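So the chains spell out like this:
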Amino acid sequence: MWTVIWRTVILYSLLILAVRLLGKRQIGQMEPSEFVVTMLLANLATIPLEESNIPISHGIVPILLVFGGELLIAWLTTCSVFFRKLFCGKPEILIDNGRISYKALKKNRVNLDELTMHLREKEIFDLSEVKFAILETNGQLSTLLYAKNRPADAKHAGIKVVDTELPITLISDGKLLRENLAVAKKNEAWLHSQLAKRNCKQADVLLMTVDVTNKIHFIKRSE
C-alpha cells in the first residue's frame, strides 16, 4: 500500500513540474509537439502505477527523456525558422481577400461547415464580411473583417478616452500582499487608515485593490 502511495506522489509531483515548465497553455492552444508530449507524459506515468513489480525508474526515466526532447524542440523552434515550420507547421490562409481558398481547406482537412462554425464562434455570420481568415498552427482561426464591417473604436469615432490602469491587489481573502503594497507605493499605515474608514479588519476583507489614480475597490467577505 505504501509503495503505491509514494510512487503516486513522486510521479504526480514530476508530472506537475513538467507540465508547469512546459508553459501555461490550454489544450486548444498547444502546438502539435506539445500535445503529443502531454499525452505521452500521462501514459508513461501510468506504467509504474499499474504494475508494482516494475521499477519506478522505468516511469521516471522516459518522462525525463520526453520532457528533455520537448525542451530541445522548443529551443530549436526558437532559433530556427526551418525547425519551427517542421515541428509547428505554418499558418494557412483559408479566406484570402474575401475569396475562400478550397486548396487550403483541402490541405488542412477543413470543410465549409467547420469554417462557418469557427466564424460563428467569433459572431461572424456573413462570409462576405471576412477579408482574411487564417488557420493558426494551434488550430485557432484568426479573422480580419473588411473596414466597413469592423466595429468602430474610440479612435475612429473621434472620442478621447483615458487609458485603463491595472489595479493592484493589496488584500486577497484576508491576506495582505506586502510586495504589492510596495508596488502601489503605499504603506501599512495607509492601509490601516483605509480599513478604519470602512470600519473593517483585514481578516474580514475578501478583496481590496488600488490603481495609480488611488481608486480603491473594496469587497467584504459578507458581501
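First, a word on scope: everything that follows refers to the structure included in this document. Note that this is a predicted model, so its numbers are computed, not measured. (Residues numbered from 1 in each chain as written. Predicted model: local features only at pLDDT ≥ 70, side-chain atom pairs only at ≥ 80, totals over all residues. Heavy atoms only, no water.)

Focus: the overall build of the protein chain
Here's step 1: Tallying secondary structure elements over the protein chain gives nine helices and eight strands in all.
Here's step 2: When each of the 223 residues of the protein chain is scored for burial, the buried share is 25%.
Here's step 3: Relative to all contacts within the protein chain whose residues are 6 or more apart in sequence, the contacts with residues 24 or more apart total 47%.
Here's step 4: With the model as given, the accessible surface of the protein chain reaches about 15,800 Å², and the carbon-plus-sulfur share is 59%. (Helix = DSSP H or I, 4+ residues; strand = E, 2+ residues; numbered from the N terminus. Buried < 20%, exposed > 50% of the residue type's maximum accessible area, 1.4 Å probe, protein only. Contact = heavy atoms within 4.5 Å. Areas by Shrake-Rupley, 256 points an atom, 1.4 Å probe, with all protein chains shown as cover.)

Things to note about the pairing of strand β3 (residues 130–135)
Strand residues, when the strand is regular, have side chains that alternate between the two faces of the sheet.
Here's step 1: Of the pairings in the sheet, the one linking strand β1 (residues 92–96) to β3 comprises four bridges and is antiparallel in character. Bridge assignment links E92 to a residue of β3, and that residue is L135.
Here's step 2: As defined by bridge partners, β3 adjoins strand β4 (residues 141–145) across five bridges and the pair is classed as antiparallel. Within the sheet, the bridge partner assigned to F132 lies in β4 and is L144.
Here's step 3: Turn length for the β3-β4 hairpin, with the two strands adjacent in sequence and antiparallel, is five residues, and the turn residue G139 shows positive phi of about 90 degrees. (Pairing = 2+ DSSP bridges.)

Looking at the pattern of salt bridges
Oppositely charged side chains may form a pair once their charged atoms are brought near each other.
Here's step 1: Tallying each qualifying case throughout the model produces three salt bridges.
Here's step 2: Of the charged contacts, one joins D173 and R221 as a salt bridge, the two residues approaching to 2.8 Å between their closest N and O atoms. In this pair, D173 is assigned in the loop between β5 (168–172) and β6 (175–176) and R221 in the segment after β8 (216–220), connecting sequence segments 48 residues apart.
Here's step 3: D173 sits in the partly exposed class, given a relative accessible area of 41%.
Here's step 4: Residue classification places R221 among the partly exposed residues on the basis of a relative accessible area of 42%. (Salt bridge = Lys/Arg side-chain N within 4 Å of Asp/Glu carboxyl O.)

What to know about a nonpolar patch on the surface
Here's step 1: Together, F35, V36, M39 and L40 make up a nonpolar patch on the protein surface, roughly 340 Å² of accessible area in all.
Here's step 2: Along the chain, the position of L40 falls in helix α2 (residues 32–50).
Here's step 3: In this structure L40 comes out as partly exposed when scored by relative accessible area, which is 37%. (Patch = residues over 30% accessible without salt bridge, like charges linked within 9 Å, V, L, I, M, F, W, Y side chains within 5 Å.)

Side note on the packing of aromatic side chains
Here's step 1: What the rule picks out here adds up to one aromatic pair.
Here's step 2: Ring geometry for F82 versus F83: centroids 5.3 Å apart, planes at 75 degrees, classification edge-to-face.
Here's step 3: Judged by relative accessible area, which is 27%, F83 ranks as partly exposed.
Here's step 4: Here the basic side chain of R198 rests over the ring of F218, its NZ or CZ set 5.2 Å away from the ring centre. (Phe/Tyr/Trp six-rings, centres within 6.5 Å; stacked < 30°, edge-to-face > 60°. Lys NZ or Arg CZ within 6 Å of the ring centre and 35° of its normal.)

Digging into the nonpolar core
Here's step 1: Counting 14 residues, the largest nonpolar core has L170, I171, L191, L195, V205 and M208 as the members making the most contacts within it.
Here's step 2: Looking at this core, the elements with two or more residues in it are β5, α9 (188–197) and β7 (205–210).
Here's step 3: With residues near it in sequence (within four places) discarded, M208 still touches I168, T169, L170, I171, W190, L191, Q194, L195, I216, H217 and F218.
Here's step 4: L119, I124, L141 and L145 belong to the second-largest nonpolar core, a separate cluster that totals 13 residues. (Core = buried A, V, L, I, M, F, W, Y, C linked by side-chain atoms within 4.5 Å.)

A few points about unusual backbone geometry
Here's step 1: For E123, which is not glycine, the phi torsion reads 60 degrees and is therefore positive.
Here's step 2: One can find E123 in the loop between α6 (112–121) and β3.
Here's step 3: Residues other than glycine seldom take positive phi values, yet N214 does so here, at roughly 70 degrees.
Here's step 4: Mapped onto the elements, N214 comes out in the loop between β7 and β8.

Here we look at the sheet that holds β4
Here's step 1: An order of β2-β1-β3-β4 is seen for the four strands of this open sheet, with the pairing classed as antiparallel. Sheet topology places β2 (99–100) and β4 at the edges, where each strand pairs with a single neighbour.

Side note on α9
Here's step 1: Considered for burial, the residues of α9 that qualify are W190, L191, Q194 and L195. The buried residues of α9 occupy one face: seen down the axis, they fall within an arc of 140 degrees. For α9, the exposed residues lying more than 90 degrees away from the buried face are A189, A196 and K197.
Here's step 2: Considering only its buried residues, α9 is in contact with β5, β6, β7 and β8.
Here's step 3: Backbone nitrogen of A189 and a side-chain oxygen of the N-cap are separated by 3.2 Å at the start of α9; the cap is N187.
Here's step 4: N199, located one to two residues past α9, shows a positive phi value of around 50 degrees. (Arc of directions from axis to C-beta. Polar contact = N/O pair within 3.5 Å; in protein donor to acceptor, adjacent residues only side chain to side chain.)

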